[in-house]
Amino acid sequence: MPVLTVVYYLFSFGTEVDKVFLSISTFLFSIFTGFFISRQASRFNKVRETVTKFDGIMSGIYRSSGHIAKKLQTAIGKVIVSHYDHIFETGKWNIHFLEKSTTLTDIHKLLDKHVVDEDIVKLPNQALGAVVKSLVGAQDVRKQMVALHEERIPAEQWILIWFFATILVGTVSTMTSVGELFPSILKAAFVISIFSVLLILYRLNNLVFTEKIMGQHSAEDVVGIIEGKK
């Protein structure tokens, strides 16, 4: 902001535009960005909730499998840890959507390999049912995450947002402030706030608003349970 303040203090940017244009552009910009920020913030929260739900299901599958067979639990634990290790290595929470993922199918195969009908008694049978039910639920949650991930702002709407932002910045820049410190500071702060709004919208749209990786803490908790740290 200090650099922009100095620029506005020293230089003039054409003839001052009628303040009516400033009012109109501010109104339109606030309407469009306000709508999209609200929509993307809602989407962001839904994705976080869904990711956390998926992590809870993975944790539940691991714990329930311990009632069936310890070897099965260990094998499932390795599959789940591998799933999250891939996320941590790439830094992309959605890597299993962008690439082919076999996490759920691998767990199904492990059930087929380790579970023999005649070995099932009451508690293991109930645990097996819980694991299978959780796998079905995990598949549903995964589909929800895929759908939410695709609800991004289309390119034509981004063009419209940038169009109004450019008009607004241009209109503000033409206001007289050469040699006047306070007006220069106000203009710089106003322009910075415009770009701050665009940055917030961009980060919400790309689901990178808080944690480095979406659901990172939740994923670390699941891995910690499997590794015996929690």
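Residues numbered from 1 in each chain as written. Predicted model: local features only at pLDDT ≥ 70, side-chain atom pairs only at ≥ 80, totals over all residues. Heavy atoms only, no water.

1. Examining the packing of helix H3 (residues 70–90) against helix H9 (residues 216–226)
Describing two packed helices takes the angle between their axes plus the distance from one axis to the other. Look at H3 against H9: their axes get within 10 Å of each other, and the N-to-C directions meet at 150°. Crossing hand, H3 versus H9: left-handed. Together, Gly-77, Ile-80, Val-81, Tyr-84 and Phe-88 of H3 and Gln-216, Ala-219, Glu-220, Val-222, Val-223 and Ile-226 of H9 make up the contact between the two elements. Class assignment for the residues of the contact of H3 with H9 results in eight nonpolar, two polar and one charged. (Axes fitted to C-alpha atoms, helices over the stretch in contact; angles between N-to-C directions. Helix = DSSP H or I, 4+ residues; strand = E, 2+ residues; numbered from the N terminus. Left-handed = near helix turned anticlockwise from the far one by under 90°. Contact = heavy atoms within 4.5 Å. Nonpolar A, V, L, I, M, F, W, Y, C, P; charged D, E, K, R; others polar.)

2. Observations regarding the side chain of Thr-171
Summarising the element assignment, Thr-171 is placed in helix H7 (residues 155–173). One polar contact links the side chain of Thr-171 to the main-chain carbonyl oxygen of Ile-167, over a distance of 2.7 Å. (Polar contact = N/O pair within 3.5 Å; in protein donor to acceptor, adjacent residues only side chain to side chain.)

3. Describing the packing of aromatic side chains
Inspection of the entire model under this criterion finds four aromatic pairs. Ring geometry for Phe-163 against Phe-164: centres 5.5 Å apart, planes inclined by 65°, an arrangement best described as edge-to-face. Chaining the aromatic ring pairs together yields one cluster made of Phe-32, Phe-163 and Phe-164. (Phe/Tyr/Trp six-rings, centres within 6.5 Å; stacked < 30°, edge-to-face > 60°.)

4. Quick word on the packing of H7 against helix H8 (residues 181–205)
The N-to-C vectors of H7 and H8 enclose an angle of 170°; their axes lie 9 Å apart at closest approach. With respect to each other, H7 and H8 are oriented roughly antiparallel. The segment H7 lies against H8, with Trp-158, Ile-161, Trp-162, Ala-165, Leu-168, Val-169, Val-172 and Ser-173 engaging Lys-187, Phe-190, Val-191, Ile-194, Phe-195, Leu-198, Leu-201, Tyr-202 and Asn-205. Split by residue class, the contact of H7 with H8 holds 14 nonpolar, two polar and one charged. (Parallel < 35°, antiparallel > 145°, perpendicular 65-115°, else oblique.)

5. Brief notes about the nonpolar core
Nonpolar side chains in soluble globular proteins generally cluster together in the buried interior. Among the nonpolar cores identified, the biggest contains 41 residues, and Met-58, Ile-61, Ile-80, Tyr-84 and Trp-93 are the most heavily contacted of them. Those elements that provide at least two residues to this core are helix H2 (19–65), H3, helix H5 (103–114), helix H6 (122–149) and H9. Among all residues touching Trp-93, those that are not within four sequence positions of it are Val-47, Val-51, Ile-87, Met-145, His-149, Leu-207, Ile-213 and Met-214. By size, the runner-up hydrophobic cluster in this structure holds 15 residues, among which are Phe-36, Trp-158, Ile-161 and Phe-164. (Core = buried A, V, L, I, M, F, W, Y, C linked by side-chain atoms within 4.5 Å. Buried < 20%, exposed > 50% of the residue type's maximum accessible area, 1.4 Å probe, protein only.)

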